[in-house]
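# Descriptive analysis of the structure
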Amino acid sequence: MVGQEMVRAGSGGKAVLAFILCVFSAYILILFNITTVLHAQEGPSVTFNATVAVNTSIKRFALVIGNGAYRNVSSLKNTRSDAAAMATKLQKLGYEVLHRTDLDRRSMNEAVSTFLARVEPGSEALVYYAGHGVELNGSNYLLPIDIPPLSPDQERMLRTEGFNLTDLLLDLEGRSARVSLVILDACRNNPLREISGGVATRSLGATRGLGRVDPPRGTFVIFSAGVGEEAIDNLGEQDANPNGLFTRKLLTLIDQDGLEIRPMVQRLRAEVRQAALSGTGRSQIPSYYDQLLGEFYFQPKSQQTGTPGENNCDRLIDANASTSALTKTDLETGLQACMVASTQFPNEMRFVHQLQAAQEQRMVQRALGSNQTELSNTYLLLYPNGRFTGDVRAHIATLSSVPPKPSPAPEQPVNVPTPTPTPPRPPTVLPQVDVGRVLQAELKRVGCDPEAVDGTWGAASVRAMTTYNRIAHASLDTVKPTLEAVETLRIRSGRVCPFVKKENFRINIPLRQKTIVYKPRHLAQRSIQINENPPRSFAPKMKVRAIVKSPKSNCITVGNYSSC
């Protein structure tokens, strides 16, 4: 009996244990189902984000050519090392690079054709060329290494043996790339020039450098030097850098995080110019031609959101600098750094304040360094409550009170009166209207039309300045004309505002004195002058069915239109 009771107790314990295990398993299963459902709900969002990241990734293609070993003209030293350094840098930035060096005409055409076949619609295409280039009759030609030594009367030969830059730009446009970027380090002395007695007498094409280009929409072109300037390969015998001045500065800028191409080029121009002047005493300012739609970054903006740390704007510009310190400081580099910083971080007010301080300091530096009062008066007009108004007024007083050097009076003959000394000329005050007129002229030059260049800063000028700020990503003052805005626009080398076709126009054909005014539905109002026998070239544009002259009045009727 006892054994049977123990068996029954053991069986009951096993049943209880089995029941507990079943309940626990059911609980685990329920938790697993709930977790699966939650993951299933979160799954589409994660998958969608990953899909978007893949679909929005833009392919990048680059063609890098370095021609240096020319057979019939002067060879170049740095071009191959420039191309190699650029190819390495672009590969790190995600480009599929086609790198070629020392190409003859056939090989150069094959390399360009291979590159164009790779470029996909919506991608980013880049072409970098280092070598010889020549401008001829408004067209730029890139020279292969087998270019023959052409004479000045062989222009047709150059057009067939050289590689036309315009054709390359049009081919890139035909590939429908989102961005087409062309960088040319080819602004050197013309290798196709005749030498007589060590002096170039004649040349096929321009003496040096490349000419202006008109790139198609979506294209950005950078030249290593301005029109008529020569690119500097090195800064002297002590310069051991294997790259040319333009390329070495470009390599340090293109991989900076969040630096858009327009402020990058502005900074590149300032750095190349400063290095060229300080190293060789020569001028080299890279030029660019902008037809991009939107922004472009070599290194896209970082996703980190935080307060930016100290940069060159903070290090180079001291907002509390004294007047004596300003006379010994080079403010150009710091000003460019603050322009870049304020563009990258538009919500960081400290960079805006630093930029404003740098602009005022540069104006003071120029005013105090001049022996004329115009710049000083301009500063007082632009900064009536500035930090340096006392110093500038003292400088004006010093210039106005300097007496002329006394000269010994010559012996005067008898009965000849001594001439009365001429009173000193009062200082000339530069009116603010002159600044407005200059700024209006610069706005018109870059395509932002202020309508009239008369110095009156009205609604049209404010609208033109606002349009420039929006397109150029600038923050210049639009309420009044400033010298800072003039200087900023002067470094622009091409059109900024897009071309706007005007609809209202007038056609005058001087045939007779009778005028007919008509207004078709699809055109604006036109005013033309015709006679009783209109010319053939005008007849297809306006069908003149009949011309009737009223006997009672001096009126002429053409179809449904009449004029008196």
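Residues numbered from 1 in each chain as written. Predicted model: local features only at pLDDT ≥ 70, side-chain atom pairs only at ≥ 80, totals over all residues. Heavy atoms only, no water.

## Quick word on the overall build of the protein
- Across its full length, the protein carries 16 helices and 16 strands.
- Relative to its full complement of 564 residues, the protein shows a buried share of 40%.
- By sequence separation, contacts in the protein at least 24 residues apart represent 64% of the contacts at least 6 residues apart. (Helix = DSSP H or I, 4+ residues; strand = E, 2+ residues; numbered from the N terminus. Buried < 20%, exposed > 50% of the residue type's maximum accessible area, 1.4 Å probe, protein only. Contact = heavy atoms within 4.5 Å.)

## Observations concerning the nonpolar core
- Core analysis: the largest hydrophobic core is formed by 44 residues, its most contacted members being F115, L158 and F223.
- Where this core is concerned, the elements lending two or more residues are β1 (60-66), α3 (105-118), β3 (124-130), β4 (133-136), β5 (139-142), α5 (165-174), β7 (179-185) and β10 (219-223).
- No other element matches the five residues that α3 contributes to this core.
- Discounting chain neighbours no more than four positions away, the residues touching F223 are N140, L165, L184, C187, L210, G211, V213, F246, P286, S287 and Y289. (Core = buried A, V, L, I, M, F, W, Y, C linked by side-chain atoms within 4.5 Å.)

## Some points on the pairing of β4
- A two-sided burial pattern is seen for β4, the buried positions comprising G133 and E135 on one face and V134 and L136 on the other.
- Alignment of β4 against β5, held across four bridges, turns out to be antiparallel. For V134, the partnering residue across the bridge sits in β5 and is Y141.
- The hairpin formed by β4 and β5 contains two residues between the paired strands, and N137 there has a positive phi angle of roughly 55 degrees. (Pairing = 2+ DSSP bridges.)

## Here's the deal with the layout of surface pockets
- Volume-wise, the largest pocket comes out at about 830 Å³.
- Around the largest pocket, the lining is made up of 34 residues, and of these S342, L355, A474, S475 and L476 lie nearest the centre.
- Elements with a contribution of two residues or more to the lining of the largest pocket: α7 (261-279), α10 (332-344), α11 (349-368), α15 (459-472) and α16 (483-490).
- By residue number, the principal contributor to the lining of the largest pocket is α10, which donates five residues.
- Classifying every residue of the lining of the largest pocket gives 15 nonpolar, 11 polar and eight charged. (1 Å grid on protein atoms, 1.4 Å probe; cavity = no way out; pocket = protein on both sides within 12 Å on 5 of 7 lines; lining within 4 Å. Points joined across faces, edges and corners; volume = space filled by probe spheres on them. Nonpolar A, V, L, I, M, F, W, Y, C, P; charged D, E, K, R; others polar.)

## What about the state of the cysteines?
- The final tally for this structure, using the stated rule, is two disulfides.
- Across a sulfur-sulfur distance of 2.1 Å, C313 and C338 are joined as a disulfide pair. One quick way to see it: the torsion about the S-S bond of C313 and C338 is about 95 degrees, and its sign makes the bridge right-handed. In this pair, C313 sits in helix α8 (residues 312-316) while C338 sits in helix α10, placing the two residues 25 residues apart along the sequence.
- The exposure class assigned to C338 is buried, which follows from its relative accessible area of 0%. (Disulfide = S-S within 2.5 Å.)

## Re the confidence of the model for the protein
- Scored by pLDDT, the protein comes out at a mean of 75, with 68% of its residues at no less than 70.
- Scored below 50 in pLDDT, residues 427-433 makes 16 contacts in the model with residues more than four places away or belonging to other chains.
- Under a pLDDT of 50 for its full length, residues 522-553 has, in the predicted model, 60 contacts with residues more than four places off or in other chains. (pLDDT = per-residue confidence, 0-100.)

## Description of unusual backbone geometry
- Positive phi, normally seen in glycine, also occurs at S176, with a value near 60 degrees.
- When you line up the elements, S176 lands in the loop between α5 and β7.
- Unusually for a residue other than glycine, H473 sits at a positive phi of about 55 degrees.
- Its location among the elements puts H473 in the loop between α15 and α16.

## Overview of the pattern of salt bridges
- Summed over the entire model, instances satisfying the criterion amount to 22 salt bridges.
- The closest approach of N and O atoms between D290 and R262, which form a salt bridge, is 2.8 Å. On the criterion of sequence distance, the pair formed by D290 in strand β11 (residues 287-290) and R262 in helix α7 is long-range, its members being 28 residues apart. Note on accessibility: D290 and R262 belong to one class, buried.
- The closest approach of N and O atoms between K444 and D449, which form a salt bridge, is 2.7 Å.
- Looking at D449, the relative accessible area reads 37%, which means it is partly exposed.
- Ionic contacts of the salt-bridge type, sharing partners, join the residues E332, R362, R366 and E487 into one network. (Salt bridge = Lys/Arg side-chain N within 4 Å of Asp/Glu carboxyl O.)

## Observations concerning the sheet that holds β1
- The six strands lie next to each other as β2-β1-β3-β7-β10-β11, forming an open sheet whose pairing is mixed. The open sheet is flanked by β2 (96-101) and β11, the only strands paired with a single partner. The mean inter-strand angle of the sheet, taken between neighbouring strand axes irrespective of direction, is 10 degrees.
- Where β10 meets β11, four bridges bridge the pair, whose relative direction is antiparallel. Bridge pairing links I222 to Y288 in β11.
- Contacts between helix α2 (residues 79-92) and the sheet are confined to β1, β2, β3 and β7, with β1 contributing the most and set at about 165 degrees to the helix.
- Where α3 meets the sheet, its contacts fall on β1, β2 and β3, and the angle it forms with β1 comes to roughly 170 degrees. (Axes fitted to C-alpha atoms, helices over the stretch in contact; angles between N-to-C directions.)

## Some remarks on the sheet that holds strand β6 (residues 163-164)
- Here three strands make up an open sheet; going across it, the order is β4-β5-β6 and the pairing antiparallel. The sheet terminates laterally at β4 and β6, the two strands that pair on one side only.

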